[in-house]
Amino acid sequence: KGNKKRKRAEEGEKVSEDQSLPIIQEPPVKAKKAKKKERSEAEKKLSERENALEQADDEEDQKLLQNKVKQKKKASQGITKSVVNSATGATAKQQKRRRVADEAADRRTVFVGNLPVSCTEQVLKSLFKKYGQIQSIRFRSLIPAEDTVSKKVAAIKHKVHPNAKFVNAYVVFKEECDAQKALKENGTEIASGFHIRVDTASKTSSHDNKRSVFLGNLSYDIRDDAVREHFHVCGDVVGVRVVRDRRTGLGKGFGYVLFENTDAVHLALKLNNSVLMGRKIRVQRVADKKKAQKSPDQSRAPKDRVDKKKKKEKSSNDSFVGEKATPLKKSTKPKRLKTTPRSKAGKNK
């Protein structure tokens, strides 16, 4: 009995100890969990802040990079624009300089036409050197003997087509005044049957249309001297120009004659339909292009006015004016209505 009591007492103590142990251990576990939760929330907040700051830094870096790229692009575009502008400005300046140089060179250049094929540079130099220092001489309107040979090579090697009869040239002087003096050689006979035509090469050279005559229906093989002889009767001929093809050298069937006086033009017009080398040529006045452009508008205006006047006259003549009718006097008496008798009305039904 005593052992049993002891055992019961020991078991009771164990049970009491076991019950007391969890009660003592529970509170620290809950505190740890709460601390862990608090730490986890703080860590989350810190991590979120850090992430937000990192994102802000990244965005700022991207903006800086974009700004740098934009600045580089603008700088490159500005450089390209400046380069293009400078290039265009340089090209425009170069073109202006070339134009000015060409115009100055043309003023110093003299065109010499209707030269014989056998003419050389020495002949031209001997003819024009008395007027000033010659810079260069160039032959043009050459017809090469072969199609494969260029005109420059034909001029250097003197390989000209056997049917070619004349050559043109340009004589360049060092000074403009010398070129003006050389115009005195216009009309001189450099060889038998070859009266040269000397004129300035500049585009500003004015041609007096009042002293010139247009020629049509000319033969293709005609020479300038043949035209000169035909119109020499009318007066002193300053120059003859037969328009020709550059490749073949044959005439195109028309040309011009320039006289010293306007009186010769009236006499030349009488040679219209005259025969020259088996053809009836047409002789006409040379009309100014500016006046020809203005004349149609001016000629239309008076016609329109005349038509309007005619229309007004017709309308005034055709208009009929009748006599005014006298109005009837209105009677003051009231009108009676006509009534049909009943008998007649019944018969009509």
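Residues numbered from 1 in each chain as written. Predicted model: local features only at pLDDT ≥ 70, side-chain atom pairs only at ≥ 80, totals over all residues. Heavy atoms only, no water.

Taking an unreviewed UniProt entry as the reference, the chain is identified by name as RBM34 protein belonging to Chloropsis cyanopogon. UniProt annotates the chain under Subcellular location (unreviewed entry) with the comment "Nucleus, Nucleolus". The heading Sequence similarities (unreviewed entry) in the UniProt record of the chain holds the text "Belongs to the RRM RBM34 family." (UniProt positions renumbered as here; feature names shortened; annotations may be inferred.)

Draft legend 1. Here's a closer look at the overall build of the chain. Secondary structure assignment for the chain yields eight helices and twelve strands. In the chain, which comprises 349 residues, the share counted as buried stands at 22%. Of the contacts made within the chain by residues no fewer than 6 positions apart, 69% connect residues no fewer than 24 positions apart. Accessible surface for the chain amounts to roughly 28,300 Å². Of this, 51% is attributable to carbon and sulfur atoms. (Helix = DSSP H or I, 4+ residues; strand = E, 2+ residues; numbered from the N terminus. Buried < 20%, exposed > 50% of the residue type's maximum accessible area, 1.4 Å probe, protein only. Contact = heavy atoms within 4.5 Å. Areas by Shrake-Rupley, 256 points an atom, 1.4 Å probe, with all protein chains shown as cover.)

Draft legend 2. Focus on the packing of aromatic side chains. By the definition in use, this model includes five aromatic pairs. Where F231 meets F259, the ring centres are 6.5 Å apart and the plane angle is 65°; that geometry is what we call edge-to-face. One end of the pair, F231, is in helix α5 (residues 224-231); the other, F259, is in strand β9 (residues 251-259), and 28 residues separate them in sequence. A single burial state applies to F231 and to F259, both of which are buried. Pairwise contacts between aromatic rings join F214, F254 and Y256 into one cluster. (Phe/Tyr/Trp six-rings, centres within 6.5 Å; stacked < 30°, edge-to-face > 60°.)

Draft legend 3. Region of interest: α5. Of all eight residues that make up α5, six are buried, and the element is covered over most of its length. Taken together, the buried positions of α5 are occupied by D224, D225, V227, R228, H230 and F231.

Draft legend 4. Examining empty space enclosed by the protein more closely. This structure, assessed with the given rule, holds one cavity of 30 Å³ or more. The volume enclosed by the largest cavity comes to roughly 80 Å³. Lining the largest cavity are V117, C119, F139, L142, A154, A155, H158, V160 and V167. Considering only residue class, the lining of the largest cavity consists of eight nonpolar, one polar and no charged. (1 Å grid on protein atoms, 1.4 Å probe; cavity = no way out; pocket = protein on both sides within 12 Å on 5 of 7 lines; lining within 4 Å. Points joined across faces, edges and corners; volume = space filled by probe spheres on them. Nonpolar A, V, L, I, M, F, W, Y, C, P; charged D, E, K, R; others polar.)

Draft legend 5. Structural context of the sheet that holds strand β2 (residues 134-140). Within the open sheet, the four strands sit side by side as β2-β3-β1-β6. Their pairing is antiparallel. The strands lining the two open edges of the sheet, one partner per strand, are β2 and β6 (197-200). Taken pair by pair, the neighbouring strands of this sheet meet at an average axis angle of 20°, ignoring direction. Packing of helix α2 (residues 121-128) onto the sheet brings it into contact with β1 (109-116), β2, β3 (166-173) and β6, and relative to β2 it is tilted by some 135°. (Pairing = 2+ DSSP bridges. Axes fitted to C-alpha atoms, helices over the stretch in contact; angles between N-to-C directions.)

Draft legend 6. Highlighting the layout of surface pockets. Taken as a whole, the second largest pocket encloses approximately 300 Å³ of empty space. Contributions of two or more residues to the lining of the second largest pocket are made by α2, β2 and α3 (151-157). Here the lining of the second largest pocket is composed, by residue class, of five nonpolar, four polar and five charged.

Draft legend 7. Quick peek at the pairing of β6. Going residue by residue along β6, you find V198 and T200 tucked away on one face and R197 and D199 left uncovered on the opposite face. Pairing of β1 with β6, which is carried by four bridges, proceeds in the antiparallel orientation. Note that in β6 the partner of F111 across the bridge is D199.

Draft legend 8. Representation of a negative patch on the surface within the structure. There is a patch of like negative charges on the surface, built from E50, E54, D57, D58, E59, E60 and D61. Along the chain, D57 turns up in helix α1 (residues 2-107). (Patch = residues over 30% accessible without salt bridge, like charges linked within 9 Å, V, L, I, M, F, W, Y side chains within 5 Å. Salt bridge = Lys/Arg side-chain N within 4 Å of Asp/Glu carboxyl O. Lys, Arg positive; Asp, Glu negative; His and termini not counted. Charge placed at Lys NZ, Arg CZ, Asp CG, Glu CD.)

Draft legend 9. The pattern of salt bridges, seen in detail. Per the counting criterion, the structure on display carries three salt bridges. Between D224 and R244 there is a salt bridge, with its nearest N and O atoms 3.4 Å apart. Of this pair, D224 sits in helix α5 while R244 is found in strand β8 (residues 237-244), placing the two residues 20 residues apart along the sequence. With relative accessibility at 12%, the residue D224 sits in the buried group.

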